[in-house]
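Results of the structural survey
For reference, the chains in residue letters:
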Amino acid sequence: MTESIMSKAATMEIPINSNGDTGTLAEDDSLEQAAKRQWSLGEKVGSSQGPRDLQQVMVSGPNLNETSIVSGGYGGTAEGIIPTSSIKGPGIRYNEQFYKRIEVAGIGSNMNHSSSSSSMTAEESTKGVAVEKIEQVKKWGLNTYKCTKQMISERFGRGSRTVDLELEAQIEVLRDTKRKYENVLRLARALTNHFYNMVQTQHALGDTFADLSQKSPELRDEFGYNAETQKLLCKNGETLLGAINFFVSSINTLVNKTMEDTLMTIKMYENARLEFDAYRTDLEELSAGPRDAVTIARIESAQQQYQVQKDKYERLRSDVTIKLKFLEENKVKVMHKQLLLFHNAISAYFAGNQQQLEQTLRQFNIKLRPPGADKPSWLEEQ
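Predicted model only: the values in this text are computed from it and were never measured. (Residues numbered from 1 in each chain as written. Predicted model: local features only at pLDDT ≥ 70, side-chain atom pairs only at ≥ 80, totals over all residues. Heavy atoms only, no water.)

Broken down by element type, the protein chain carries nine helices and two strands. Looking at the protein chain residue by residue over its 382 residues, the buried ones come to 27%. (Helix = DSSP H or I, 4+ residues; strand = E, 2+ residues; numbered from the N terminus. Buried < 20%, exposed > 50% of the residue type's maximum accessible area, 1.4 Å probe, protein only.)

To continue, consider the packing of aromatic side chains. Applying the stated rule across the entire model yields seven aromatic pairs. Between Tyr269 and Tyr313, the aromatic rings sit 5.6 Å apart at their centres with planes inclined by 20 degrees, giving stacked as the arrangement. You can see Tyr269 sitting in helix 6 (residues 220–288) and its partner Tyr313 sitting in helix 7 (residues 293–351), a full 44 residues away along the chain. Taking relative accessible area as the criterion, Tyr313 reaches 3% and is therefore assigned buried. Ring geometry for Phe276 versus Tyr313: centroids 5.2 Å apart, planes at 5 degrees, classification stacked. Of this pair, Phe276 sits in helix 6 while Tyr313 sits in helix 7, and the two are 37 residues apart along the sequence. The pair Phe276 / Tyr313 is uniform in exposure class, with both members buried. Within the aromatic cluster, the residues linked to one another by ring pairs are Tyr269, Phe276, Tyr306 and Tyr313. A cation sits over an aromatic face here: Arg158 above Phe156, 5.8 Å from the ring centre. (Phe/Tyr/Trp six-rings, centres within 6.5 Å; stacked < 30°, edge-to-face > 60°. Lys NZ or Arg CZ within 6 Å of the ring centre and 35° of its normal.)

Core analysis: the largest hydrophobic core is formed by 43 residues, its most contacted members being Ile171, Leu174, Ile266, Tyr269, Val320 and Leu324. Those elements that provide at least two residues to this core are helix 5 (165–215), helix 6, helix 7 and helix 8 (354–363). Per-element accounting of this core gives the leading share, 18 residues, to helix 6. In this structure, Leu324 is in contact with Leu167, Gln170, Ile171, Leu174, Thr262 and Ile266, ignoring residues within four places of it in sequence. (Core = buried A, V, L, I, M, F, W, Y, C linked by side-chain atoms within 4.5 Å. Contact = heavy atoms within 4.5 Å.)

A separate point is the environment of Thr162. Take Thr162: it is sitting in the loop between helix 4 (90–155) and helix 5. On the basis of relative accessible area, Thr162 is assigned to the partly exposed category, the value being 21%. In the structure, Thr162 is positioned 118 residues away from Arg280 in sequence and 9.9 Å away in space, judged by C-alpha atoms. Sequence-distant contacts of Thr162, that is, excluding residues within four places in its chain, are made with Arg273, Phe276, Asp277, Arg280 and Tyr313. There is a polar contact of 2.5 Å between the side chain of Thr162 and the side chain of Asp277. (Polar contact = N/O pair within 3.5 Å; in protein donor to acceptor, adjacent residues only side chain to side chain.)

For the rest of this paragraph, the subject is the packing of helix 6 against helix 8. Close contact between helix 6 and helix 8 brings their axes to 10 Å; oriented N to C, the two are set at 25 degrees. When the axis of helix 6 is compared with that of helix 8, the two are roughly parallel. Both helix 6 and helix 8 take part in a crossing whose hand is left-handed. In this structure, helix 6 uses Leu232, Lys235, Asn236, Thr239, Leu240 and Ala243 to contact helix 8, whose residues at the interface are Gln354, Leu357, Glu358 and Leu361. Counted by class, the contact of helix 6 with helix 8 contains five nonpolar, three polar and two charged residues. (Axes fitted to C-alpha atoms, helices over the stretch in contact; angles between N-to-C directions. Parallel < 35°, antiparallel > 145°, perpendicular 65-115°, else oblique. Left-handed = near helix turned anticlockwise from the far one by under 90°. Nonpolar A, V, L, I, M, F, W, Y, C, P; charged D, E, K, R; others polar.)

This part takes up helix 7. A rise of 1.5 Å per residue sets the reference length of helix 7, with its 59 residues, at 87 Å; its end C-alpha atoms lie 86 Å apart and thus fit the reference within 8%. Phi turns positive, to about 75 degrees, at Gly352, one or two residues after helix 7. (Expected span 1.5 Å × (residues − 1).)

As for its position among the elements, Gln338 is in helix 7. In this structure the side chain of Gln338 is engaged in a polar contact, spanning 3.1 Å, whose partner is the side chain of Ser250. Setting aside anything within four residues of it in sequence, one finds Gln338 in contact with Phe246, Phe247 and Ser250.

Once that is clear, we can look at the packing of helix 6 against helix 7. At a minimum axis distance of 7 Å, the contact between helix 6 and helix 7 shows a crossing angle of 165 degrees. In terms of axis orientation, helix 6 runs roughly antiparallel to helix 7. Pair helix 6 / helix 7 crosses with left-handed handedness.

Here we come to unusual backbone geometry. In the Ramachandran plot, Asn365 falls in the positive-phi region, its phi being about 55 degrees despite a non-glycine side chain. Here Asn365 is to be found in the loop between helix 8 and helix 9 (378–381).

Turning next to the side chain of Asn236. Structurally, Asn236 can be placed in helix 6. Its relative accessible area of 6% is what places Asn236 among the buried residues. Ignoring sequence-local partners within four residues, the contact set of Asn236 consists of Tyr349, Gln354 and Leu357.

Attention now moves to the UniProt feature "coiled-coil region" (unreviewed entry) in the protein chain. This chain's UniProt record puts "coiled-coil region" (unreviewed entry) on residues 296–330. Split by type, residues 296–330 is 100% helix and 0% strand. Its first and last C-alpha atoms lie 51 Å apart. (UniProt positions renumbered as here; feature names shortened; annotations may be inferred.)

Let us look at the pattern of salt bridges. Close approach of charged atoms allows side chains with opposite charge to pair. Counted under the stated rule, the structure contains 16 salt bridges. Here Asp176 and Arg179 are joined by a salt bridge, their closest N and O atoms 3.5 Å apart. With a gap of three residues between them, Asp176 and Arg179 both fall in helix 5, about one helical turn apart. Taken together, the shared-partner salt bridges in this structure form one network comprising Glu154, Arg161, Arg273, Asp277, Arg280 and Glu284. (Salt bridge = Lys/Arg side-chain N within 4 Å of Asp/Glu carboxyl O.)

Structure representation (structure tokens):
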């Protein structure tokens, strides 16, 4: 009975006007009202057969897109049948709105799912960076602990250390040489300052003698001789100052740049040696203990770390050996030139040989600045 009623509701007569529009009659119901009656009939029948869910009703109910409208009476000719898919009635709007709501709900759930997945990816990347930093801090702390332990053991004579006797002797000679050259540099700077003050005093004394020779006619010649002598000494003193400044600059470069660079490499080598001994001691302690699955895994890890530190230590030891060799050659070459310059300039100055003094400066390509020259830039002073 329910099926016959539903089929009748699906094919109810809807009169068509001459222009093709649907008419509205009081005794007829629209498709929406038929659907409502179908729903109410389904509820009445379902009260005796049990509740019917929405899906069953929609499956058993009419498909409004396939429903036909009959222009004549019920059971009329097929020529008056018009498909309802071309008519936008209230029932069709009802169905379309219903499915649109379902689609919008599905799209919303997909958007929520995509946003939640992107937030989860960002959180996972943040956690990955945090875990990596924690691992780096953990590795640094473990390495610092091992090196500190090794250093304390060496200080108290409890631990063993790797020693290269030949290289250690060369390093000690370099440090002693640097201390002595620093003393030479300090004394040369002091000589430069004192001699500069003497030259300035001679310059002022020569100006005073020249002024007095103009104001004292009875002593004009005597003041004039002394003024010329002081000016000549001042000129030679400025030439000697140029030679001494060049000597000081070369010694400063050798001590505070070349030697210092080699000592920095030596410091890196000593740190690598300490790390190498720390991991070597750790490997020896693990190898001397009992052997089980956990200990074997730790021994393998310690062996890998030991090999890494050994390669680093040997590489830096080779770098130190090469730099010490080049430093010695450079030191001999530089000091040979600078000591010869210093000797010739001092000898020519105190011998009063102005030509030899100027020739010495030309020999070593030293150019003097005129008295009125601007102060050199910081790059030229280096």
